[in-house]
Amino acid sequence: MEDKSVMNEDYTNVTITTIVTISLVIIAYFIVSDITEIVSEVSASFSSSSALVLAYRILCFSASAYAIVYMFTCGPGNMRVVSLAENQEIIMSPEGKEKFVTFSSWTLMMCVAYFLLAIIDQIINIWGSSIGFISSLQTITFVTGISMAFLTATVVRHIILPDEVRIEREHGHMFLYHEQIMHNFAAIFLAFEMLIVTPDLNPQLAIFGLLIGILYITFAYLFAYFGDGYFVYGFLHPRPKIAPIFITGLACSIAIFYFGLWYVNLVAEYNHWLSWLMITTWLLLIVQFRPNMENENQT
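Read on for an overview of the structure. (Residues numbered from 1 in each chain as written. Predicted model: local features only at pLDDT ≥ 70, side-chain atom pairs only at ≥ 80, totals over all residues. Heavy atoms only, no water.)

**Brief notes about the pattern of salt bridges**
Applying the stated criterion across every chain, the model contains five salt bridges. Where Glu89 meets Arg80, a salt bridge forms, and the shortest distance between an N and an O atom there is 3.5 Å. A salt bridge links Asp163 to Arg80; its shortest N-O distance comes to 2.8 Å. Separated by 83 residues along the polypeptide, Asp163 in helix α6 (residues 132–166) and Arg80 in strand β1 (residues 79–83) bring together distant segments of the chain. The network of salt bridges with common partners includes Arg80, Glu89, Asp163, Glu164 and Arg166. (Salt bridge = Lys/Arg side-chain N within 4 Å of Asp/Glu carboxyl O. Helix = DSSP H or I, 4+ residues; strand = E, 2+ residues; numbered from the N terminus.)

Quick look at the structure:
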């Protein structure tokens, strides 16, 4: 009986406290650090006068922005979610703006935001002018977007898709156009942007990965408690004992991915071709463009 009561113990208060604590740590870091100056210094390294870079950015923006349009026009989605009240898995068919509650959709929006800002900033620079806050936002959306994209691609390929196969669930819907952009091409677009532009990144910018992670978690909780009453990801549910660890892990993992990408960018300063090899290999390990063969054989 004691074991069962421990298993059913509600850790919601601990989970909420963890979210608040991480948020306060982030706020304190922004207050005591020189992160604003670092962002301003790094922003200049994203500028480019190359017509090819501008064309690449327009191409990436167009492909990513169309994915958002496609999400509104392709009909109902297919999501496995977990209800807040019962902590039970249910199937949802979201439409329109309801699809933008996933971490993947946030990744897509960050990708679109970066390339839009990069295009605007480059055009302004070509005209011989500059707008500081646009350059700073460009830097912030890049460091968060690329980290989120690599995390998303990794989780989808190595956790979500294998789980779909394990439960013998048809998952062809996860390879529609917008899903491909969210799960695969966002990482590819931003990775090659980094290799082409080679911005002067700083390890302290990892704080923005931690920030976007806690912002998404906060959004997910507000959506569950005051919105539609469910979590898109089961590990976000606050009741299980492991929930505070999962919350901390998600927030920190984005920053960890940033450190990996920062290191690759650092390598580019000494050996450009090696950085290309590292990124290409990394991408091959995390992207997936077709359903798992096991699932295809079953169907």
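Additional details are given in the paragraphs that follow.
**Quick notes on the pairing of strand β2 (residues 89–92)**
Direction of pairing for β1 relative to β2: antiparallel, over a ladder of four bridges. Paired with Val82 across the strands is Glu89, a residue of β2. As consecutive antiparallel partners, β1 and β2 are separated by five residues, and within that stretch Asn87 has a phi angle of approximately 55 degrees, a positive value. (Pairing = 2+ DSSP bridges.)

**Let's talk about the layout of surface pockets**
Size it by volume and the largest pocket reaches roughly 1100 Å³. Along the walls of the largest pocket sit 39 residues, with Arg80, Ile160, Met174, Val232 and Tyr233 positioned nearest its centre. The set of elements that each furnish at least two residues to the lining of the largest pocket consists of β1, α5 (103–126), α6, α7 (177–197) and α9 (243–268). Of all the elements, α6 adds the most residues to the lining of the largest pocket, at eight residues. (1 Å grid on protein atoms, 1.4 Å probe; cavity = no way out; pocket = protein on both sides within 12 Å on 5 of 7 lines; lining within 4 Å. Points joined across faces, edges and corners; volume = space filled by probe spheres on them.)

**A closer look at the sheet that holds strand β3 (residues 230–231)**
Strand order in the open sheet formed by three strands is β2-β1-β3, with antiparallel pairing between adjacent strands. A strand with exactly one partner marks an edge of an open sheet, and here the two such strands are β2 and β3.

**Quick word on helix α4 (residues 51–73)**
Between the first and last C-alpha of α4 there are 33 Å, a value that for 23 residues agrees with the 33 Å anticipated at 1.5 Å per step. Listed in full, the buried residues belonging to α4 are Val53, Leu54, Tyr56, Arg57, Cys60, Ala63, Ser64, Ala65, Ala67 and Met71. Summarising the contacts, the buried residues of α4 are in contact with α5, α6 and α7. The backbone nitrogen of Leu52 has a side-chain oxygen 3.2 Å away, supplied by the residue at the start of α4, namely Ser50. Just past α4, the residue Gly75 takes up positive phi, approximately 95 degrees. (Expected span 1.5 Å × (residues − 1). Buried < 20%, exposed > 50% of the residue type's maximum accessible area, 1.4 Å probe, protein only. Contact = heavy atoms within 4.5 Å. Polar contact = N/O pair within 3.5 Å; in protein donor to acceptor, adjacent residues only side chain to side chain.)

**Focus: the packing of α7 against helix α10 (residues 272–286)**
At a minimum axis distance of 10 Å, the contact between α7 and α10 shows a crossing angle of 175 degrees. If you check the angle between α7 and α10, you find them roughly antiparallel. Taking contact as the criterion, the partners of Ala187, Ile188, Ala191, Phe192, Met194, Leu195 and Ile196 in α7 are, on α10, His272, Ser275, Trp276, Ile279, Thr280 and Leu283. (Axes fitted to C-alpha atoms, helices over the stretch in contact; angles between N-to-C directions. Parallel < 35°, antiparallel > 145°, perpendicular 65-115°, else oblique.)

**Details of empty space enclosed by the protein**
Scanning the entire structure with this criterion turns up two cavities of 30 Å³ or more. Of the voids in this model, the largest cavity is the one considered here, and its volume is about 60 Å³. Around the largest cavity sit Ala153, Val156, Arg157, Leu161, Met174, Phe175, His183, Asn184, Ile286 and Gln288, which together line it. Of all elements in the fold, only α6 and α7 reach the threshold of two or more residues within the lining of the largest cavity. With four residues, the single largest contributor to the lining of the largest cavity is α6. Of the residues assigned to the lining of the largest cavity, the class counts are six nonpolar, three polar and one charged. Of the voids in this model, the second largest cavity is the one considered here, and its volume is about 40 Å³. As for the second largest cavity, its lining consists of Val101, Tyr216, Phe219, Ala220, Phe223, Tyr230, Phe231, Val232 and Leu236. Secondary structure elements with two or more residues in the lining of the second largest cavity: α8 (207–226) and β3. Per element, the largest residue contribution to the lining of the second largest cavity is four residues, and it comes from α8. Its residues placed into classes, the lining of the second largest cavity shows nine nonpolar, no polar and no charged. (Nonpolar A, V, L, I, M, F, W, Y, C, P; charged D, E, K, R; others polar.)

**Here we look at the nonpolar core**
Phe142, Phe150, Leu205, Tyr216, Ile217, Leu236 and Ile279 are the most contacted members of the largest nonpolar core, which totals 77 residues. Considering every element that reaches this core, the biggest residue donor is α8, with eleven residues. In this view, Ile279 contacts Phe150, Ala191, Met194, Leu195, Leu261 and Val264; residues no more than four positions away in its chain are not counted. (Core = buried A, V, L, I, M, F, W, Y, C linked by side-chain atoms within 4.5 Å.)

**Section: the environment of Leu137**
Looking at the element boundaries, Leu137 is found in helix α6. With 79 residues separating them along the chain, Leu137 and Tyr216 place their C-alpha atoms 18 Å apart.

**Considerations on the state of the cysteines**
What the rule picks out here adds up to zero disulfides. Cysteine Cys74 remains unbridged, with the sulfur of Cys111 as its closest cysteine sulfur at 18 Å. Overall, the relative accessible area of 28% leaves Cys74 in the partly exposed class. (Disulfide = S-S within 2.5 Å.)

Function cannot be inferred from these measures alone, as they are strictly geometric.
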